[in-house]
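A structural walkthrough
Now for the letters of each chain:
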Amino acid sequence: MENIYKELGISDKVYRFCKEILNRLKPRFDEIDQNAEYNQLKVLKAMQDNKVSEACLLGTTGYGYNDLGRETLEAVYASLFHAEDALVRPQITCGTHALALALMSNLRPGDELLSPVGKPYDTLEEVIGIRPSKGSLAEYGISYRQVDLCPDGGFDFEKIKNAINEKTRLVTIQRSKGYQTRPTLSVGRIGELITFIKEIKPDVICMVDNCYGEFVERQEPTDVGADMVVGSLIKNPGGGLAPIGGYIAGKKSCVENAAYRLTSPGLGKEVGASLGILRDFYHGLFLAPTVTAGALKGAVFAANIYEKLGFKVVPDSNESRHDIIQAVEFGTAEGVIAFCKGIQAAAPVDSFVTPEPWDMPGYDSPVVMAAGAFVSGSSIELSADAPIKPPYAVYFQGGLTFEHARFGIMKTLQSIVDAGLVQLD
Ligand SMILES: *Cc1c(COP(=O)(O)O)cnc(C)c1O
């Protein structure tokens, strides 16, 4: 074994250091495997209950009327999330699009949107109009209110209560911390928040941005009162095979509104040819619980390695996990760049290129990114990125198999050791 790692550029020291850490993680990994087992059966049951057949794997063209595969897949998602209905489409281009669709279709001029968990994901700032943007909710006369989390990461119940008013129509709750330092919300905590909000205003729509959270736990937000969950198919639920797409699952009325907005009033879910994409959607969903488990083990493995080396890691080595993102604070630009070089060098595609920081549109500092993915931009595949600014933290996620995530993390350590930033005994 050491020889094949050596052929791929891993030194004896790095190999042994990582192996020792892995040996201690067995109980933790057993727990993750049990979740994957549960979720695998949940997916299988949803497919069997909805009679997925060989014909469902085919696609339609043109208008896409009576698309058996599309309709069945949406029924599978609805079952999986214990929801009334779902919209699962390649015409939803990404996670931001799915979230924008859910918001724009369920809010009307004069309504107010509330985020009781602080600032939402960067790309939503323009959707909402926090940063002025063409076509934002603000342009349509939809106002926005935000209540930040308490310094300890708890909900600020008093302020949330005061923020809910007669205009409040929809509450958006982001499950994953995304690229922030707050803790990710467990499904249990999301449930507490929704219960609190519904006691104050029962008819408010509670939407959860479910990106990066699917299959990390046994329950999903719709099991604890969410009216809508929204996510991207090039993250967890696509299992690495979906090449595009997004989903919305939840109350029939919410999904219906989204469908009329995605296609057209009067048409809704009845159109939208699936072309040849459904096989990958089903196949990816079937694999998603174990793929997510592999990514999760990779995140835990990395947290344990870098914590042992004295770096701040979020979540830490022992914390329970509610999404697949791992942050490591290196404190220097050299550290995050070396880490990203390691991830890139471990990729199945484009392993020979060197990631460099660049001034990406929409960011206020240069960003370095590493990804060598089969699906462009897919972040269920092993990937990392870091803004070049204090605290010099790298955010990484994914890995279609744990074996690959493991190797990628070993490569990051090798890269950091080779750069002289860390010494192993
Ligand atoms: C990825 C992500 C999004 C946006 O998804 P894109 O597919 O990148 O547009 C929104 N919210 C969270 C929490 C995410 O992780």
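Located above this text is the structure these notes cover.
Since the structure is predicted, the reported quantities are computational estimates derived from the model, not experimental observations. (Residues numbered from 1 in each chain as written. Predicted model: local features only at pLDDT ≥ 70, side-chain atom pairs only at ≥ 80, totals over all residues. Heavy atoms only, no water.)

Turning our attention to the overall build of the protein chain. Secondary structure assignment for the protein chain yields twelve helices and twelve strands. Relative to the 2.2 N^0.38 estimate, which gives 22 Å for 425 residues, the radius of gyration of the protein chain is 22 Å and therefore close to what a compact globule would have. Principal axes of the C-alpha set define a box for the protein chain whose edges measure 65 × 50 × 40 Å. In the protein chain, buried positions account for 56% of the 425 residues. When the accessible surface of the protein chain is summed, it comes to about 17900 Å², and 54% of that surface belongs to carbon and sulfur atoms. Of the side chains in the protein chain, 42 bear a positive and 53 a negative charge, and the two mean positions are spaced by 1 Å. (Helix = DSSP H or I, 4+ residues; strand = E, 2+ residues; numbered from the N terminus. Rg over C-alpha atoms; globule rule 2.2 N^0.38 Å. Buried < 20%, exposed > 50% of the residue type's maximum accessible area, 1.4 Å probe, protein only. Areas by Shrake-Rupley, 256 points an atom, 1.4 Å probe, with all protein chains shown as cover. Lys, Arg positive; Asp, Glu negative; His and termini not counted. Charge placed at Lys NZ, Arg CZ, Asp CG, Glu CD.)

Across the sheet, which stays open at both edges, the five strands sit in the order β8-β9-β12-β11-β10 with antiparallel pairing between neighbours. In this open sheet, the two strands that pair with only one neighbour each are β8 (312-314) and β10 (367-371). In this sheet, adjacent strand axes meet at a mean angle of 15 degrees when their direction is disregarded. Sheet analysis places strand β11 (residues 383-387) next to strand β12 (residues 393-397), joined by three bridges and oriented antiparallel. Looking at the pairing, D385 lines up with Y395 of β12. Where helix α11 (residues 333-345) meets the sheet, its contacts fall on β10, β11 and β12, and the angle it forms with β10 comes to roughly 20 degrees. (Pairing = 2+ DSSP bridges. Axes fitted to C-alpha atoms, helices over the stretch in contact; angles between N-to-C directions. Contact = heavy atoms within 4.5 Å.)

Its 17 residues give helix α12 (residues 402-418) an end-to-end C-alpha distance of 24 Å, which sits within 8% of 24 Å, the value for a rise of 1.5 Å per residue. Counted residue by residue, α12 has 13 buried out of 17 residues, so it is predominantly covered. After α12 finishes, the residue G420 shows a positive phi value of roughly 75 degrees. (Expected span 1.5 Å × (residues − 1).)

Close approach of charged atoms allows side chains with opposite charge to pair. Under the definition given, this model contains 20 salt bridges. One salt bridge in this structure joins D49 and K45, with 2.7 Å as the shortest N-O distance. Of the two residues, D49 and K45 both sit in helix α3 (residues 26-49), four residues apart, roughly one turn of that helix. Here E126 ties to R131 by a salt bridge, and the two come within 3.6 Å at their closest N and O atoms. Here the salt bridges do not stand alone but share partners, grouping E74, D85, R89, K252 and K269 into one network. (Salt bridge = Lys/Arg side-chain N within 4 Å of Asp/Glu carboxyl O.)

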